[in-house]
Amino acid sequence: MEKITAHDSLICTGNRTFPEIILFLVNNRCSFERHCRVARYVNGDHSDSANVTHEKVRIAPGASKTEAPGGRGKKMKHLTTTAAAGAAATFILAAPAYASGFALRETDAISLGNAYVGGVSRASDAATVVLNPAGMSLLESSELFGNVFYVGPSARFSGQNYLAPGVRTSGNQGGRNVNSAATASSYGVWKVNKRLALGYSFGTPFGLRMDYPQNWVGRYQSLVTTITDYELSLAASYRVTNKLSIGLGPRFDFLSGRFTQAANLGALNQYGTTTADLSGNGFGFGYNAGLMYKFDDKTQIGITYRSRISIPVAIKTKFAPPWSLAANPFVQGLLASESGHGKMQVTLPDSVAFGFTRRVTPRLTVMLQGEWTHWSLLQQLNAISDHGGLNTTIPVNWHNTWFGGVAVNYALRKNVLLRSGFSYDQSPVNSRNRLTRAPDSSRFTLSAGVEYSPIKMVSLDLSYAHLFTPRGSINNDAGNNAGQLIGQYSGHGNVVGFGMRTHF
């Protein structure tokens, strides 16, 4: 057997796919000249097919035939770069189980008890800083408002992943797949005078923790997904007349995420899982604007606009092979060459919300709210490599969505208020653009809550909501190496929130 040098391997690999290169370096059982003929054959050159009848890339003993590279001879150019690009493409597509798209509606315990309805027009607490900044000047006093939430979602998959017609990926179908999480938010309003108020808000308007098991059937599409958006908002509100108030302020967002998936190396999968790991973060800013109008002491309406935010995200890709592959210097060198940095532009969509609040009796208040979100901004994502990898354009094709609902408050006693609500949140995805990292579906929310004021200066809020999510089908073709995932997701969510307000 001829000795193969690093220089020879680089020359030979010119027409080869990445898993074939690694397979050659590990097994190295054919001569350099014949190996190159095999490479040309696999990549479509059959002019020398007589010499490669029995010399296609050899599957090592014990390798699973259900996971042949690319699905029985399909081309797999730049496998690891494609795996990383797939993770990058989902940076903005990671969808939580508790709001449509990738937005979180857990702003405050009061809104949770009303099924996220009423915040645009109620103007009763400091959360109005982010819900409708115009409401700050309508508050009777300055206020601090802190909230904590427990979110317990579930997104169970049933189906199969196909690497080729009739060729299934081995493994299980996962479990809950979405990790429970705790979130928090904080708001503050300072009443400068009867007409002017200033405020701040801090929270996480976007977030997700998904974690599939290492041996689930869709591991070549995703394993771990973590996304968090931290937002600080500042706002000012001015009461123009006794009936009209306006508000405006900037928003500052820091978006970070981490995404992993298994790289399908065909026969080399027997040595263990090679994981593609992408992480990134970026900073952007936008603004909120709103107005409120009081028809009388019993009726008021509100409208608010949240601008889109464009965030340049710096991404980093690395690969973690099993020790048996990492020990090979050629493999380690090739994996290192495919690792590196890149960038992509992420746009958080703008939205318009409008609401109506009516105090029907001294004890009963009814609220209506609707919201339109500009999800169609996400038609495609562009991941650009700065280390010689593929520049990838990923189609998204999301559509605009509507949210709507009704809520009621009932004053049981002077210091006890009961809340309830029902809402519908439309999803921007369907079976063709639903992803394993974003198994989003439209959902219905039913909620209840109670407010208790032990003393005049303090109010406590406890709320619970259950999210009903109809089954959503998935038919996602992630490429020759990751496969086509066909099946259904079923999910639900439970959210508990607690808030404390201090008036001064």
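Parameters at a glance
Residues numbered from 1 in each chain as written. Predicted model: local features only at pLDDT ≥ 70, side-chain atom pairs only at ≥ 80, totals over all residues. Heavy atoms only, no water. Salt bridge = Lys/Arg side-chain N within 4 Å of Asp/Glu carboxyl O. Helix = DSSP H or I, 4+ residues; strand = E, 2+ residues; numbered from the N terminus. Buried < 20%, exposed > 50% of the residue type's maximum accessible area, 1.4 Å probe, protein only. Pairing = 2+ DSSP bridges. 1 Å grid on protein atoms, 1.4 Å probe; cavity = no way out; pocket = protein on both sides within 12 Å on 5 of 7 lines; lining within 4 Å. Points joined across faces, edges and corners; volume = space filled by probe spheres on them. Nonpolar A, V, L, I, M, F, W, Y, C, P; charged D, E, K, R; others polar. Arc of directions from axis to C-beta. Phe/Tyr/Trp six-rings, centres within 6.5 Å; stacked < 30°, edge-to-face > 60°. Patch = residues over 30% accessible without salt bridge, like charges linked within 9 Å, V, L, I, M, F, W, Y side chains within 5 Å. Areas by Shrake-Rupley, 256 points an atom, 1.4 Å probe, with all protein chains shown as cover. Core = buried A, V, L, I, M, F, W, Y, C linked by side-chain atoms within 4.5 Å. Contact = heavy atoms within 4.5 Å.

**Re the pattern of salt bridges**
Part 1 of the reasoning: One pass over the full model with this rule turns up 13 salt bridges.
Part 2 of the reasoning: A salt bridge links arginine 258 to aspartate 277, with the shortest nitrogen-to-oxygen separation between them at 2.8 Å. Here aspartate 277 lies in strand β7 (residues 274-294) and arginine 258 lies in strand β6 (residues 244-263), a separation of 19 residues in the sequence.
Part 3 of the reasoning: Judged by relative accessible area, aspartate 277 falls into the buried class, the value being 12%.
Part 4 of the reasoning: Of the charged contacts, one joins aspartate 350 and arginine 308 as a salt bridge, the two residues approaching to 3.9 Å between their closest N and O atoms. In this pair, aspartate 350 sits in the loop between β10 (340-348) and β11 (351-359) while arginine 308 sits in the loop between β8 (299-306) and β9 (309-320), placing the two residues 42 residues apart along the sequence.
Part 5 of the reasoning: We classify arginine 308 as partly exposed; its relative accessible area is 40%.
Part 6 of the reasoning: One continuous salt-bridge network, built from bridges that share partners, spans Arg419, Glu451, Asp461 and Arg501.

**Some words on the pairing of strand β15 (residues 401-413)**
Part 1 of the reasoning: Pairing analysis gives 10 bridges linking strand β12 (residues 364-373) to β15, with the strands arranged antiparallel. Residue valine 366 lies in a different strand from β15, and its bridge partner there is valine 408.
Part 2 of the reasoning: Where β15 lies against strand β16 (residues 416-425), 10 bridges are found, and the strand directions are antiparallel. Considered in β16, the bridge of valine 406 is made with phenylalanine 422.
Part 3 of the reasoning: Here β15 hands over to β16 after 2 residues, the two strands then running antiparallel side by side.

**Digging into the layout of surface pockets**
Part 1 of the reasoning: For the largest pocket, the calculated volume is near 1500 Å³.
Part 2 of the reasoning: Lining of the largest pocket is provided by 41 residues; of these, Arg122, Ala123, Ser124, Glu140 and Arg501 occupy positions nearest its centre.
Part 3 of the reasoning: Contributing elements (two or more residues each) for the lining of the largest pocket: β8, β11, β12, β15, β16, β17 (443-455) and β19 (484-503).
Part 4 of the reasoning: Counted by class, the lining of the largest pocket contains 11 nonpolar, 13 polar and 17 charged residues.

**Describing helix α8 (residues 329-338)**
Part 1 of the reasoning: Those residues of α8 lying buried are Val331, Leu334, Leu335 and Glu338. For α8, the angular spread of buried residues about the axis comes to 100°, placing them on one side.
Part 2 of the reasoning: With its phi angle positive at about 150°, glycine 340 sits one or two positions after the end of α8.

**Observations concerning empty space enclosed by the protein**
Part 1 of the reasoning: The full count for this structure, using the stated rule, is 3 cavities of 30 Å³ or more.
Part 2 of the reasoning: As a volume, the largest cavity reaches approximately 650 Å³.
Part 3 of the reasoning: Lining the largest cavity are 37 residues, and of these Leu104, Arg105, Thr107, Arg306 and Glu371 lie nearest its centre.
Part 4 of the reasoning: Of all elements in the fold, only α6 (128-131), β3 (181-191), β4 (196-211), β8, β11 and β12 reach the threshold of two or more residues within the lining of the largest cavity.
Part 5 of the reasoning: Sorting elements by how many residues they give to the lining of the largest cavity places β4 first, with 6 residues.
Part 6 of the reasoning: Looking at the lining of the largest cavity residue by residue, the classes come out as 16 nonpolar, 15 polar and 6 charged.

**What about the packing of aromatic side chains?**
Note on aromatic pairs: each is described by the distance of the centres and the angle between the planes.
Part 1 of the reasoning: Inspection of the entire model under this criterion finds 10 aromatic pairs.
Part 2 of the reasoning: Centre to centre, the rings of phenylalanine 157 and tyrosine 489 are 5.3 Å apart; their planes meet at 50°, and the pair counts as tilted. With a gap of 332 residues between them, phenylalanine 157 in strand β1 (residues 143-164) and tyrosine 489 in strand β19 connect regions that are remote in the sequence.
Part 3 of the reasoning: Judged by relative accessible area, which is 5%, phenylalanine 157 ranks as buried.

**Let's talk about the environment of alanine 262**
Part 1 of the reasoning: Relative to the helices and strands, alanine 262 resides in strand β6.
Part 2 of the reasoning: Among the residues examined, alanine 262 registers a relative accessible area of 3% and is labelled buried.
Part 3 of the reasoning: Separated by 220 residues in sequence, alanine 262 and alanine 482 place their C-alpha atoms 8.7 Å apart.

**Side note on a nonpolar patch on the surface**
Part 1 of the reasoning: On the surface, Val148, Tyr150, Tyr410, Leu412, Leu418, Val450, Leu462, Tyr464, Val496, Phe498 and Met500 cluster together into a nonpolar patch covering about 920 Å² of accessible area.
Part 2 of the reasoning: Elements represented by at least two residues in the nonpolar patch include exactly β1, β15, β18 (458-477) and β19.
Part 3 of the reasoning: Residue contributions to the nonpolar patch peak at 3 residues, all from β19.

**Section: the nonpolar core**
Part 1 of the reasoning: In this structure, Trp216 and Tyr489 are the most contacted members of the largest nonpolar core, which totals 38 residues.
Part 2 of the reasoning: Mapped onto this core, the elements with two or more residues apiece are β1, β4, β6, β9, β10 and β19.
Part 3 of the reasoning: Dropping the residues within four chain positions of it, tryptophan 216 is found in contact with Phe157, Asn172, Gln173, Gly174, Ser222, Leu223, Thr436, Leu485 and Tyr489.
Part 4 of the reasoning: With 13 residues, the next largest nonpolar core counts Ile110, Ala127, Met136 and Tyr187 among its residues.

These values are about where atoms sit, not about what they do.
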